[in-house]
Each structure stands twice: as structure tokens, then as C-alpha cells.
Amino acid sequence: MKAIIPFSHQLLSEIISDGNTVIDATCGNGNDTLFLSKLVGKQGKVYGFDIQEAAIENTTKRIEAESKENVTLIHDGHESMDKYIPADEKIAGAIFNLGYLPKGDHSIVTKPLSTIKAVESIMGRLKIGGRIVLVVYHGHQGGAEEKNQLLTYCNDLDQQYYQVLQYQFINQKNQPPFIVAVEKIKEITFH
Ligand code: SAM
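Summarised in this report is the structure supplied together with it. The numbers attached to residues start from 1 for each chain and follow its sequence in the written order. Thresholds applied to this predicted model are a pLDDT of at least 70 for local features of residues and 80 or more for the giving and counting of side-chain atom pairs; totals over whole chains, interfaces and linings are not thresholded and use all residues. For side-chain calculations, the full set of non-hydrogen atoms in the structure is used, while hydrogens and water are omitted.

1. Topic: the overall build of the protein
Filter applied, for reference: Strands here are runs of E lasting at least two residues and helices are runs of H or I lasting at least four, both read from the DSSP assignment and numbered beginning at the N terminus. Each radius of gyration reported is based on C-alpha atoms, and the globular scaling rule is 2.2 Å times the count of residues to the power 0.38. Type-normalised accessible area, obtained with a 1.4 Å probe on protein chains alone, sets the label of each residue: buried when under 20%, exposed when over 50%, and partly exposed for intermediate values. Any two residues whose heavy atoms approach within 4.5 Å at even a single point are treated as in contact. Just so you know, the count uses Lys and Arg for positive and Asp and Glu for negative, and it drops His and the chain ends. Every charge is mapped onto a representative atom, which is NZ of Lys, CZ of Arg, CG of Asp or CD of Glu.
Tallying secondary structure elements over the protein gives 5 helices and 7 strands in all. The secondary structure elements of the protein, listed N-terminal to C-terminal, are α-β-α-β-α-β-β-α-β-α-β-β. Computed over C-alpha atoms, the radius of gyration of the protein comes to 16 Å, within 12% of the 16 Å expected from 2.2 N^0.38 for 191 residues, which places it in the range of a compact globule. Taken along the three principal axes of its C-alpha coordinates, the protein extends 45 × 40 × 35 Å. A burial count over the protein gives 50% of its 191 residues as buried. Summarising the internal contacts of the protein: among those between residues at least 6 apart in sequence, 74% fall at separations of at least 24. Here the protein holds 19 positive side-chain charges and 23 negative ones, and the gap between their average locations is 4 Å.

2. Looking at helix α2 (residues 31-40)
Most of α2 is tucked away, with 7 of its 10 residues classed as buried. Along α2, the positions that sit buried rather than exposed are D32, T33, L34, F35, L36, S37 and V40. Where α2 is buried, its residues touch α1 (4-13), β1 (21-24), β2 (45-49), α3 (53-65), β3 (71-74) and β4 (91-97).

3. Quick word on the sheet that holds β3
Filter applied, for reference: Strand pairing is defined by DSSP finding a minimum of two bridges between the two strands. Axis definition: a line fit to C-alpha positions, over the contact stretch in the case of helices; interaxial angles, taken between N-to-C directions, run 0 to 180 degrees.
In spatial order, the strands read β3-β2-β1-β4-β5-β7-β6; together these 7 strands make up an open sheet with mixed pairing. Among the strands making up the open sheet, the edge pair consists of β3 and β6 (162-167). Within the sheet, the average angular offset between the axes of one strand and its neighbour, ignoring direction, is 15°. As paired elements, β2 and β3 share 4 bridges and run parallel to each other. Bridging across to β3, G48 finds its partner in L73.

4. A closer look at the packing of helix α4 (residues 112-125) against helix α5 (residues 143-155)
Keep this limit in mind: In this scheme the handedness of a crossing depends on how the near helix is turned from the far one: anticlockwise by less than a right angle means left-handed, clockwise means right-handed. Side-chain classes follow a simple rule in which Ala, Val, Leu, Ile, Met, Phe, Trp, Tyr, Cys and Pro form the nonpolar group, Asp, Glu, Lys and Arg form the charged group, and the remainder, Gly included, forms the polar group.
One way to put it is that α4 packs onto α5 with a least axis distance of 9 Å and a crossing angle of 35°. When the axes of α4 and α5 are compared, the crossing they make is right-handed. Contact with α4, carried on its side by P112, L113, T115, I116, V119, E120 and M123, involves E145, E146, Q149, L150 and Y153 of α5 and no other residues of that element. Taken together, the residues of the contact of α4 with α5 break down into 7 nonpolar, 2 polar and 3 charged.

5. Comments concerning α3
Cut-off, in case you're wondering: Expected helix span is given by 1.5 Å per residue-to-residue step, counting one fewer step than there are residues. Here the arc refers to the directions that run from the helix axis out to each C-beta atom.
Taking 1.5 Å as the rise per residue, α3 with 13 residues should run 18 Å; its terminal C-alpha atoms sit 18 Å apart, in good agreement. The set of residues buried in α3 consists of A55, I56, T59 and I63. Down the axis of α3, the buried set is contained in an arc of 95°. They therefore lie on one face. Of the exposed residues in α3, those oriented more than 90 degrees away from the buried face are K61, E64 and A65. Elements in contact with the buried residues of α3: α2 and β3. Once α3 ends, the next one or two residues include S67, with phi positive near 50°.

See the structure below:
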């Protein structure tokens, strides 16, 4: 069985191809940004968001070290992505690694309402077959609240339009992270 981070990457590599546009909603130390940058290639585009200067700096160093020019880093919350990404830009995939910046300030964490707002912004732009992968860390203060609100939100998504997967090791101790992945299967049309 795949561990959580490798499985989160597998879920994305299955559906992202050369030239796609994708989002790292929480850049942190840049691991996921770099992974996405390699997946979409020179013709693709990665938008990366983080509210912390330190995270943007760390991610910038990672992508510069690998000469990646397909990444646009945005020092702002993912909940504000509508300011930076055109409404008609199609997104193939996105990842949210929730919680705090490893080796950073553990009191700065993702929050339920802004996370859900960003998920909704991406859902509107998601291609059919596109996926949003959430890696849910919930052991920190406020983590249980974010986990519960996200699960409630995702449980309620209409199965006609989205399929939602939860991937979790149920016998691990100490509130291990788990994955929630949302895949768009049909466009919502308004009559
Ligand atoms: N993906 C990262 C990596 O590969 O290293 C790890 C991300 S870390 C678990 C979570 C990050 O979310 C932190 O860097 C934190 O600053 C960021 N964050 C918290 N609230 C945010 C928000 N509203 N918008 C964007 N990033 C946010």
C-alpha cells in the first residue's frame, strides 16, 4: 500500500499531462510545486499559493535550483485565487497539503472556510476527469475543525458531478494524515 504523500502524487500523475494548468494551493517548502512543475512540462503552468513569505522563499529556491520556468508563485491566500486565475482557465489538478509549514511557525495553519472557498474556486474551473487532492493533517490546534468541515462539505457533493475518495490508514496512531480526493465527472449545467 502506498503511503499518503506518494499516493497523493499518484492520484495527480494519473490525470495530469504535458501542457496542463495545475495548482499547488499550499506551497510550503515547495515539494508539491516541484512535483507538479515536472508533470506539466515546459508548456504547462503551475500556480502556487502561500500566505507565508518563508514558504514563497523556500519554494522559489526549490524551483530555481531546477530551472523551472512554468511556475507562478503568489504570496496570498488560496481563498483569493479568483484575483489571479482567469475564470475560464481550465485546471487539470490541484493539491492542498493542509496544516502548518514543517520547520516553520506551527501556529500559522490552513483554516476551514478559506480552504473550502479555494476548493470551490477550483471546482468551477476543473476539467472533466480533473482532481483536487487534499492531504488532511489534523493533529494540530484547529485541525479537527478543518477536517470535520471539509468532510461534511465533500460528503455533500452531488455524486452526479463529483466522485469523492477518502484514503486513510485506520490503524495508525496519533492522528495520521489522510487524503480526500475530488474528481469531476460531469459539468454542472444551469437551465
Ligand atoms: N505542500 C507543502 C510542501 O510540499 O512542502 C507543504 C504545505 S504546509 C503542510 C501548509 C502550508 O499552508 C503552510 O506553508 C502555510 O503557510 C500554508 N497556508 C496556510 N493558510 C493558507 C492559505 N489561506 N492560503 C495558502 N497557503 C496557506
